[in-house]
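# Commentary on secondary and tertiary structure
The primary structure of each chain is shown beneath.
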Amino acid sequence: VVKEQGHDNMSKQDGFAMKPVGVIHSPFAHQSGTPIQPVFAEGAQGTIEVYPEYKDGLLDLVGFERIWLLYLLHCAPPSRLRVIPYRDKVERGIFATRAPCRPNAIGLSCVRLLGVAENVLTVADLDILDGSPLLDIKPYVRDFDSFPAAKAGWLDARRVNLTHADERFDTRGPE
Ligand SMILES: C[S@@+](CC[C@H](N)C(=O)[O-])C[C@H]1O[C@@H](n2cnc3c(N)ncnc32)[C@H](O)[C@@H]1O
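For clarity, every value in this text was computed on a predicted model and none was experimentally measured.

### Focus: the nonpolar core
- Grouped together as the largest cluster of nonpolar side chains are 17 residues, with contacts concentrated most on Ile 67, Leu 69, Leu 121 and Ile 137.
- Counting residues per element, the ones that place at least two in this core are strand 2 (45–50), strand 3 (66–72), strand 6 (106–117), strand 7 (120–124) and strand 8 (132–139).
- Looking at this core element by element, the count peaks at three residues for strand 3.
- Residue contacts for Ile 137: discarding those within four places in its chain leaves Val 50, Leu 58, Leu 61, Ile 67, Trp 68, Leu 69 and Leu 121.
- Within the second largest apolar cluster, eight residues are counted, among which are Ile 36, Tyr 86, Ala 165 and Phe 169.

### Topic: the sheet that holds strand 8
- Spatial ordering of the closed barrel is given by 1-2-7-6-3-8, a layout of six strands whose pairing is antiparallel. On average, each strand axis in the sheet is inclined to that of its neighbour by 45°, with strand direction left out of account.
- In this structure, strand 2 lies alongside strand 7, joined through five bridges in antiparallel fashion. Counted as the bridge partner of Ile 48 is Leu 121 from strand 7.

### Re the state of the cysteines
- Using the criterion set out here, one finds zero disulfides in the structure.
- No disulfide involves Cys 101; its sulfur sits 14 Å from the nearest other cysteine sulfur, which is in Cys 75.

### Notes on the pairing of strand 8
- Note: strand 1 (residues 22–25) against strand 8, three bridges, orientation antiparallel. Bridge assignment links Ile 24 to a residue of strand 8, and that residue is Ser 132.
- The sheet contact formed by strand 3 and strand 8 spans five bridges and is antiparallel. Pairing of Trp 68 across the sheet is with Lys 138, part of strand 8.

Definitions and cut-offs
Per chain, the residues get numbers from 1 upward, laid out in the order the sequence is written. At least 70 in pLDDT is required for a residue's local features to be given in this predicted model, at least 80 for side-chain atom pairs to be given and counted, and no such filter applies to totals for whole chains, interfaces and linings, which use all residues. Heavy atoms throughout the structure, all of them, feed into the side-chain values; hydrogens and water do not. We call a set of buried residues a nonpolar core when its members are Ala, Val, Leu, Ile, Met, Phe, Trp, Tyr or Cys and they connect through side-chain atoms within 4.5 Å of each other. Think of it in three bands: with a 1.4 Å probe and only protein chains considered, a residue is buried below 20% of the maximum accessible area for its type, exposed above 50%, and partly exposed in between. Here a helix means four or more residues in a row that DSSP labels H or I, a strand means two or more in a row labelled E, and each is numbered from the N terminus. Between two residues, a contact is recorded if the distance between any of their heavy atoms is within 4.5 Å. At least two DSSP bridges between two strands are required for those strands to pair. The angle between two axes is taken between their N-to-C directions and runs from 0 to 180 degrees, where each axis is a line fitted to C-alpha atoms and a helix contributes only its stretch in contact. The disulfide criterion is simple: two cysteine sulfur atoms within 2.5 Å.

See the structure below:
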């Protein structure tokens, strides 16, 4: 019996390798001024270039109005375990925030899928910097991914109503 090769290397404590499946092209070159979540992105459009060797995996993506993008926050500052997040004035644990300076700098954005042509997706509602390496795409499924009544901890207090990033996590200054 030949066993299919799994992902055993991923259980090791000392890390593992991941290969980007594409790259995200967006209008945003700097952290400051970029929307902090897709819901505040007012339709900001861009494209997702999926590398040709992964193109076959895009089959049947048409029909999903939204998709999850998982990507490397490749310009994030060094990780910190406590941060003052965009929507508060006091420190919070990094895992209770969506701040970019995480131990594993992975971003998660639910964007609008406008079209698929060959290996290029046109998307809207981007909160992502240009050139971010794409790690994965998953369909957003209303029945799986939506819990509208779920509590949101400190964010429910709505202390700060910021919608676009300020300079606090900048690594790229203005031009
Ligand atoms: C608060 S984070 C949230 C990202 C994602 N929606 C999430 O929840 O994981 C969004 C901010 O991260 C910054 N950002 C986006 N792409 C980045 C990248 N590739 N490297 C570093 N920072 C990035 C931008 O300033 C943007 O406003």
